[in-house]
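Geometric and topological summary
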Amino acid sequence: MPRRTRRTAPSRPKQKVYGPPPPTRDEECAQENDLIEILKSFGCFESYVELRHRENVVQRLESLFKEWLTEMCLQTNSPDIVPQKVGGKLVPFGSHHLGVASKGADIDVLCVGPGFLQRKDFFSSFVRKLKRQREVKDIRVIEEAFVPVVKLTFEGIEIDLVFARVARYRVPQEMDLLREDWLQGTDLHSVRSLNGYRVTEEILRLVPNVQNFRLALRTIKLWAKQRNIYSNSLGFLGGISWAILVARICQEYPNASASTLVTQFFKEYNMWKWPNPIMLRELKDCHFNLPVWDARVNLADRSHSMPIITPAYPMQNTAFNVTPSTLAIMKEEIQRGHTITRWSQLFEKPNFLRKYKHYVLLQATSATEEQLPAWVGLVESRIRHLVVNLERNVLVTRAHINVQSYPERSTGNARGGRHLSIDLTPNLQRFSDIVHSVACRCQMFREGMSTSARYMSQKDFSWDLPQEPGRRVISEEPQPSVSTAAPSPTSQQATKRSRSPHSETSSKKFKSDEGPSEEVCLSQSKSGGLKRAHTPESESPSKRVRTDLLRPAET
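Everything numeric here is computed off the predicted structure, so don't read it as measured data.

The feature "binding site: ATP" (unreviewed entry), as annotated in UniProt, sits at Phe93, Gly94, Ser95, Asp106, Ile107, Asp108, Asp160, Lys221 and Tyr230 in this numbering. By the secondary structure assignment, Lys221 is in helix α6 (residues 210-226). Once residues within four sequence positions are removed from consideration, Lys221 is found in contact with Ser95, Val100 and Tyr230. The topology assignment puts Tyr230 in the loop between α6 and α7 (239-252). The class of Tyr230 is partly exposed, set by a relative accessible area of 21%. Beyond its immediate stretch of four places on either side in the chain, Tyr230 contacts Lys221, Ala224, Lys225, Phe236, Leu237, Gly238, Gly239, Trp242 and Val403.

Helix α8 (residues 258-271) packs onto helix α1 (residues 25-41) with a crossing angle of 80° between their chain directions and a minimal axis gap of 8 Å. With respect to α8, the axis of α1 lies roughly perpendicular. Contacts between α1 and α8 involve Glu28, Gln31 and Glu32 on the former and, on the latter, Ala258, Ser259 and Thr260. Classifying every residue of the contact of α1 with α8 by side-chain character gives one nonpolar, three polar and two charged.

With that out of the way, let us pick up the pattern of salt bridges. Here the structure, examined in full by the defined rule, presents 16 salt bridges. The partner of Glu201 in a salt bridge is Arg205, with the nearest N and O atoms 3.2 Å apart. Highlighted residues: Glu201 and Arg205, both in helix α5 (residues 188-206), separated by four residues, approximately one helical turn. Residue classification places Glu201 among the buried residues on the basis of a relative accessible area of 13%. Taking the relative accessible area as the measure of exposure, Arg205 reaches 53% and is therefore exposed.

Counting across every chain of the model gives 20 aromatic pairs. Between Phe122 and Phe123, the aromatic rings sit 5.2 Å apart at their centres with planes inclined by 85°, giving edge-to-face as the arrangement. There is no split in this pair, since Phe122 and Phe123 are both buried. On the numbers, 6.5 Å between centres and 65° between planes, the contact of Tyr269 with Trp272 is edge-to-face. Judged by its relative accessible area of 4%, Tyr269 is buried. Here the aromatic cluster, defined as three or more aromatic residues joined through ring pairs, consists of Trp223, Trp242, Phe265, Phe266, Tyr269, Trp272 and Trp274.

So, on to the sheet that holds strand β2 (residues 107-114). One open sheet holds the five strands; their spatial order is β1-β2-β5-β4-β3, and the pairing between them is mixed. For this open sheet the edge positions go to β1 (89-93) and β3 (136-142), each flanked by a neighbour on one side alone. With strand direction ignored, the average angle separating the axes of adjacent strands in the sheet is 25°. Sheet topology note: the strand β4 (residues 149-154)/strand β5 (residues 157-166) ladder contains five bridges and is antiparallel. Among the inter-strand pairings, Phe154 is bridged to a residue of β5, identified as Ile157. Packed onto the sheet, α5 meets β1, β2 and β5 and runs at close to 115° relative to β5.

Analysis parameters
Residues take numbers from 1 onward in each chain, read along the sequence in its written order. Where totals are concerned, whole chains, interfaces and linings use all residues; where local detail is concerned, this predicted model gives features only for residues with pLDDT of at least 70, and gives and counts side-chain atom pairs only at 80 or more. Only hydrogens and water are set aside when side-chain values are computed; all heavy atoms of the structure are taken into account. UniProt positions are given in the numbering used here, feature names are shortened, and annotations may be inferred rather than shown by experiment. A run of H or I in DSSP becomes a helix once it reaches four residues, and a run of E becomes a strand once it reaches two; helices and strands are each numbered from the N terminus. Any two residues whose heavy atoms approach within 4.5 Å are treated as being in contact. To sort residues, take the accessible area from a 1.4 Å probe on protein chains only and compare it with the maximum for the residue type: under 20% means buried, over 50% means exposed, and anything in between is partly exposed. Note on geometry: axes are C-alpha line fits, over the in-contact stretch for helices, and angles between N-to-C directions span 0 to 180 degrees. An angle counts as roughly parallel when it lies under 35 degrees, as roughly antiparallel when it exceeds 145, as roughly perpendicular when it falls between 65 and 115, and as oblique in every other case. Residue type decides the class: Asp, Glu, Lys and Arg count as charged, Ala, Val, Leu, Ile, Met, Phe, Trp, Tyr, Cys and Pro as nonpolar, and the leftover types, Gly among them, as polar. Here a salt bridge means any side-chain nitrogen of Lys or Arg lying within 4 Å of a carboxyl oxygen belonging to Asp or Glu. Aromatic rings from Phe, Tyr and Trp, taking only the six-membered ring of Trp, are treated as a pair when their centres fall within 6.5 Å; an angle between ring planes under 30 degrees marks them as stacked, one over 60 as edge-to-face, and anything in between as tilted. Two strands qualify as a pair provided DSSP detects at least 2 bridges between them.

What follows is the structure, given as structure tokens:
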């Protein structure tokens with residue numbers, strides 16, 4: 001009989017692998033330990049005592065809120081409302097709820113009340129109750145914001161309170177705020193307030209490993225703050241946007257360590273083709289007649305430069321403030337992060353004041369110290385509109401805003417505009433008029449409040465950034481500036497502003513890369529109303545915004 005031979009499968013050729021080998025488990029542990037030590041050196045972790053203090057503050061606010069709800073029930077005197085059963089719910093969200101709060105960070109808190117309350121009751125009656133508490137300081141009400149908020153300091157911790165009311169007579173403590181049916185019949189402001197908590201909770205439920213997610217997110221947040229690209233209101237990304245970006249990487253690499261997640265973060269987003277959206281789950285519409293982001297249906301959503309979509313209904317783009325300039329800056333920073341090989345290099349601060357040649361200083365001034373925080377907050381909330389306006393100038397290809405605040409030490413008056421080849425006066429004047437118009441519309445404007453703008457050269461300013469040497473102002477006479485002390489759509493008058501020797505400044509900057517164009521930097525500062533050396537007149541409390549239009553400085 002013929003002998004049968006066993007057939008063997010042909011051997012497969014070995015697959016070629018390019019690039020460095022992946023790190024071993026021991027190497028990953030070493031990298032993660034190094035990362036944790038660096039984060040500790042930057043104060044990214046709270047101590048147990050600080051964490052307990054925060055929890056006690058939240059509990060104290062919750063008891064005050066429930067006391068106020070009971071008082072409002074007694075005032076209503078309705079037979080359908082039982083004060084003892086009205087309940088009420090107060091929950092933190094944001095970085096505190098995500099578990100990534102750093103030392104000194106504020107706490108975002110959501111207050112949920114029954115539907116018989118009016119929103120004005122919360123921003124009036126409850127605020128008066130808070131003012132009577134000795135632990136509460138520096139309370140401010142911002143009702144005209146996209147999400148109305150009450151800002152305060154409670155036992156040294158900054159708190160942002162938002163309010164939502166649901167169409168129910170009582171709000172039990174065990175109420176699941178992730179259920180979409182609670183949104184039915186709820187007003188739009190309440191939906192926006194609820195979404196802060198709903199989005200935070202959904203992110204925690206959608207990531208496969210919460211501990212690795214938290215460590216990776218702490219790293220990315222520190223990097224973004226160090227590189228001055230952490231600010232939603234100024235056109236960059238806020239905390240929730242960075243959290244969604246990190247959460248998507250965690251979904252892509254569920255078994256990766258935190259250090260590997262950070263490496264993949266820069267690799268993935270360095271190759272990402274914007275404006276393709278980032279989503280943690282498929283788009284969902286519950287048909288509650290609420291606005292939902294969907295570029296397939298809504299034409300306006302197609303114009304967004306960097307869609308980062310929330311995972312909770314109604315899904316929204318958290319990065320709708322991003323402009324072409326800020327997108328280009330963030331892409332450059334992500335590309336830089338992708339090339340970094342050591343953690344210490346990743347968190348180096350940029351040399352912002354050496355990158356551009358020309359600046360425009362925007363100054364917001366109020367008559368008293370008490371008026372300054374609200375006035376500065378309003379001006380800051382409108383700076384991104386100035387960025388968009390400047391981007392429309394054909395000679396400006398980039399508007400770079402430095403979001404960092406820092407003390408200003410000037411020794412004289414600045415001379416500006418000597419090297420500018422374009423006239424930005426109409427843009428800056430329009431910005432001042434818009435700010436004052438909004439202030440009057442929301443009844444915030446007071447006598448003595450004003451905004452002004454003047455051109456500056458890199459050689460003609462003097463202030464210190466952390467880890468950067470300052471420059472000395474050498475000009476002998478002040479240059480004209482664009483200034484308005486009240487809303488004036490037709491006013492184009494220029495006035496002179498003196499420099500304060502001590503102030504806190506945060507810069508914003510715009511860059512032009514081709515043609516006879518310039519770049520712009522915006523900065524903010526606070527100064528007291530006392531007469532100082534080298535200051536020809538008494539200055540009111542102010543916060544300045546420096547705008548720098550120029551191409552990168554030549555070396």
